[in-house]
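Fold and geometry: a report
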Amino acid sequence: MSEKRYCPYCGEEMEYWEAPPETGWGYIYVCFNNKCEFYRGSADEIVNKSEDQNNIGCRYGEDPLTNYTAINVLAYCPF
Ligand SMILES: [Zn+2]
């Protein structure tokens, strides 16, 4: 039932991904591109706020159940 969605920030195809149960999102679309503008920008923002969390960023996601509302998916930066 998944369809192709493309990230508005980097143009990469987004993955249909099962979010962790505690988020309550279920299956969502997420951009897993590490070079994504959205992801890199969010990581920089968080670095400025706290040195302890310098490996955490937000990926861009969309929830198909709420008409593809944009959501911030907290993710660990691999770098
Ligand atoms: Zn992206």
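Residues numbered from 1 in each chain as written. Predicted model: local features only at pLDDT ≥ 70, side-chain atom pairs only at ≥ 80, totals over all residues. Heavy atoms only, no water.

Here we come to the overall build of the chain. A tally of helices and strands in the chain yields one helix and four strands. Counting every position in the chain, which comprises 79 residues, the buried fraction comes to 33%. Restricting to contacts in the chain with at least 6 residues of sequence separation, those with at least 24 account for 41%. When the accessible surface of the chain is summed, it comes to about 5,400 Å², and 47% of that surface belongs to carbon and sulfur atoms. (Helix = DSSP H or I, 4+ residues; strand = E, 2+ residues; numbered from the N terminus. Buried < 20%, exposed > 50% of the residue type's maximum accessible area, 1.4 Å probe, protein only. Contact = heavy atoms within 4.5 Å. Areas by Shrake-Rupley, 256 points an atom, 1.4 Å probe, with all protein chains shown as cover.)

Surrounding the zinc ion are the protein donor atoms Cys-7 (SG), Cys-10 (SG), Cys-31 (SG) and Cys-36 (SG), at 2.2 to 2.4 Å. Coordination at the zinc ion comes from four donor atoms whose angles at the metal span 100 to 114 degrees, giving a geometry best classed as tetrahedral. Within one chain, the residues donating to the zinc ion are spaced in sequence as C-x2-C-x20-C-x4-C. Of this pair, Cys-7 sits in the segment before strand S1 (15-18) while Cys-36 sits in the loop between strand S2 (27-30) and helix H1 (37-49), placing them 29 residues apart in sequence. (Donors = N, O, S within 2.8 Å, 3.2 Å for Na, K, Ca; no water. Tetrahedral: all angles 85-135°; square planar, octahedral: opposite > 155°, others 65-115°.)

Coordinates in, geometry out; function isn't part of it.
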